[in-house]
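Residues per chain, in single letters:
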Amino acid sequence: MVNQVRRPSEPAGHRPIRRVLVANRGEIAVRVVRTCRELGIETVVAVSTVDRDGLAARLADRAVCIGPAAATASYLNAPAVLSAALGTGCDAVHPGYGFLSENPAFARAVVDAGLIFIGPRPEAVAQAGDKAQARELARSAGIPVLSGSPILTDVDAAVMAAAELGYPALIKAAAGGGGRGMSVVEDEAELRARFPVAANEAQAAFGDGRLYVERFVRRARHIEVQVLGDQHGAVVQLGERDCTLQRRHQKVMEESPAPNISEQVRSDIRQSAVAFGRALGLDSAGTVEFLYDSDRHSYAFLEFNARIQVEHPVTEMVTGVDLVAEQLRCAAGEPLRLTQDQIVLTGHAIEARITTESPERGFLPQPGTVTHWCPPEGPGVRVDSHCEPGYLVTPYYDSLLAKIVAHGADRDTAADRLAAALDRLVVEGVPTTAGFARFALDHPDFRKGTVTTDWIGTTGLPAYLEKDGP
């Protein structure tokens, strides 16, 4: 799929990457290892005690234990991760997504240690990771920004900000993502109750408990644009993804391109994403996220993710571009190999995240052992997973088992292929969201492209439970 990293004819400023520490776990660790192997790059996987025998550890050239199961003592332990990279002679660190991937102090420590951080430079990680700074950067680039407050010092300041913005309001963490530290509040009493909870959640997840308040859009869609930049000033976009289907502000299904928006809005969102990347000085992969107001047919900047996204396979399916390979090449100082005119989206791709959660229990994660695992195969179907028979799902990490992606000539074909793939998926020993994903694919709202971010809670889950359950 990709060519090996160039050696003899390296461009000026090129730093060869021959060994990478993969500072993550699960399917993204497997994904990075496999692309590194195709590029002729050795890999060392940093693992916790419970992941020492996992698929990523077995696929890599070497695995090194960085601590016990708890993420704070292993995957979030920056000194341990950095020591693992230095101790195994790595040239670079790939942080994947989550954990330390958007931690500017970690990115800086990697660079200061003489290693390559496979992601945006530390200054860009810091600027983009602070949502308040990112919003100001978007404004300076002429991009619409949703009304919101600056960083708040306490709950009284939050009450004042929400009164000015109007209820309902959205409490958001200044750092990180994935729905952590986020809460919709309908009035002052709920804001006062939820504010300290959100702060504690953000502190636990990101080591940063700062919050701000944003105007809440009821009929919202989540549309994001994949961007790539290099160290030579080039920035390109690889189309948008619709990530509207969510529960607890966390994505369930994603697709590209976004359905049911005008071509003018599509073009404007893509151009805004490139403008943000240029303003940031983007030199790696990143994602510019927007909120689309279904009633106003308008969009506004939400945030920037300075890392590879969970849902990157849908972009790869429609563009044919290996985003992890491009991350590695950009980190090594190579120029982008594609111009904007050379990036063409073909067909449609839809991804379903398969997690060990029980829809009947409000998508509550359920630890356990996978006793049987048989992923689907077929034309246009891709499965990214670290799962195998005997895999132990622990309570320490995210509940993601696999991402099942289908590509087709058009949206209906992609949806039909994904539905058929979910029908062929066999997982035993733990509950999964596969049944709900299969139900959602056939729902008229999804087929028409009219779902909003609250659809699962207001329509999808009640209809699923009423109809026939799992």
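Residues numbered from 1 in each chain as written. Predicted model: local features only at pLDDT ≥ 70, side-chain atom pairs only at ≥ 80, totals over all residues. Heavy atoms only, no water.

Engineer: What's the story with the sheet that holds strand β8 (residues 211-215) in this structure? I'm lost.
Structural biologist: Sheets are built from strands that pair by backbone hydrogen bonding, the pairs being arranged parallel or antiparallel. Spatially, β7-β6-β8 is the arrangement adopted by the three strands of the open sheet, whose pairing is antiparallel. Looking at which strands have only one partner, the edges of the open sheet turn out to be β7 (183-185) and β8. Recorded for the sheet is a direction-independent mean angle of 30 degrees between the axes of neighbouring strands. Contacts from helix α7 (residues 155-165) reach β6 (169-173) and β8 within the one sheet, and its direction differs from that of β8 by about 10 degrees. Against the sheet, helix α8 (residues 188-206) makes contact with β6, β7 and β8, and its axis sits at roughly 25 degrees relative to β6, the strand it touches most. (Pairing = 2+ DSSP bridges. Helix = DSSP H or I, 4+ residues; strand = E, 2+ residues; numbered from the N terminus. Axes fitted to C-alpha atoms, helices over the stretch in contact; angles between N-to-C directions. Contact = heavy atoms within 4.5 Å.)

Engineer: Explanation requested: the sheet that holds strand β3 (residues 62-67) in the structure shown.
Structural biologist: The strand order across the open sheet formed by five strands is β3-β2-β1-β4-β5, and the pairing between neighbours is parallel. Each of the sheet's edge strands pairs with one partner strand only, and the pair in question is β3 and β5 (116-117). Both strand β1 (residues 19-22) and strand β4 (residues 92-94) contribute to a ladder of three bridges, which runs parallel. Each bridged residue has a counterpart across the sheet, and for Val20 the counterpart in β4 is Ala92. Packing of helix α3 (residues 78-87) onto the sheet brings it into contact with β1, β3 and β4, and relative to β3 it is tilted by some 155 degrees.

Engineer: Would you take a moment to explain unusual backbone geometry for this structure?
Structural biologist: As a rule of thumb, non-glycine residues mostly have phi less than zero, and peptide bonds are mostly trans rather than cis. For the bond running from Tyr167 to Pro168, omega is 0 degrees, close enough to zero to count as cis. Position of Pro168 among the secondary structure elements: in the loop between α7 and β6. Of note, the bond from Ser256 into Pro257 is cis; its omega dihedral lies within 30 degrees of zero at -5 degrees. On the secondary structure map, Pro257 appears in the loop between β13 (253-256) and α9 (263-280). The backbone of His297 shows a phi angle near 55 degrees, a positive value even though the residue is not glycine.

Engineer: What is the right way to look at the pattern of salt bridges in this model?
Structural biologist: Side chains carrying opposite charge are able to pair once their charged atoms draw close together. Scanning the entire structure with this criterion turns up 43 salt bridges. Glu136 is the partner of Arg139 in a salt bridge, and the nearest nitrogen-oxygen pair spans 2.4 Å. Here the residue Arg139 and the residue Glu136 both occupy positions in helix α6 (residues 131-140), the gap between them amounting to three residues, near one helical turn. Note that Asp295 and Arg219 form a salt bridge whose closest N and O atoms lie 2.8 Å from each other. Taken together, the residues span a long stretch of sequence, with Asp295 in the loop between β14 (285-293) and β15 (298-305) and Arg219 in the loop between β8 and β9 (220-229) at a distance of 76 residues. (Salt bridge = Lys/Arg side-chain N within 4 Å of Asp/Glu carboxyl O.)

Engineer: Whenever I open this one, the pairing of β15 confuses me. Can you help?
Structural biologist: Here is the key point about a regular strand: its side chains alternate between the two faces of the sheet. In terms of burial, β15 is a largely internal element, seven of the eight residues being buried. Sheet topology note: the β14/β15 ladder contains seven bridges and is antiparallel. If you follow Tyr292 over to β15, its bridge partner there is Tyr299. In this structure, the hairpin formed by β14 and β15 is closed by a connection of four residues, where His297 is found at a positive phi of approximately 55 degrees. (Buried < 20%, exposed > 50% of the residue type's maximum accessible area, 1.4 Å probe, protein only.)

Engineer: Mind showing me how you'd approach the packing of helix α1 (residues 26-38) against helix α11 (residues 323-331) here?
Structural biologist: If you want to describe how two helices pack, look at the angle between their axes and the distance between the axes. Running from amino to carboxyl end, α1 crosses α11 at an angle of 65 degrees, the nearest separation of the two axes being 9 Å. Classed by the angle they form, the pair α1 and α11 counts as roughly perpendicular. The crossing of α1 and α11 is right-handed. Contact with α1, carried on its side by Arg31, Val32, Thr35 and Cys36, involves Leu323, Val324, Ala325 and Leu328 of α11 and no other residues of that element. (Parallel < 35°, antiparallel > 145°, perpendicular 65-115°, else oblique. Left-handed = near helix turned anticlockwise from the far one by under 90°.)

Engineer: Which parts of the structure should I look at to understand the confidence of the model for the protein?
Structural biologist: Do not read the fine detail of predicted coordinates wherever pLDDT is low. This prediction gives the protein a mean pLDDT of 94; 96% of its residues lie at or above 70. Taken as a whole, residues 1-11 scores under 50 in pLDDT and shows 28 contacts with residues more than four places along the chain or in a different chain. (pLDDT = per-residue confidence, 0-100.)

Engineer: Where do I start with the packing of helix α13 (residues 434-442) against helix α15 (residues 455-467) in this structure?
Structural biologist: Relative to each other, α13 and α15 sit at 105 degrees, their axes nearing to 10 Å. The angle between the axes of α13 and α15 places the two elements in the roughly perpendicular class. Side by side, α13 and α15 meet where Gly435, Phe436, Phe439 and Ala440 of the first sit next to Trp455, Ile456, Gly460, Leu461, Ala463, Tyr464 and Lys467 of the second. Grouping the amino acids of the contact of α13 with α15 by side-chain chemistry returns eight nonpolar, two polar and one charged. (Nonpolar A, V, L, I, M, F, W, Y, C, P; charged D, E, K, R; others polar.)

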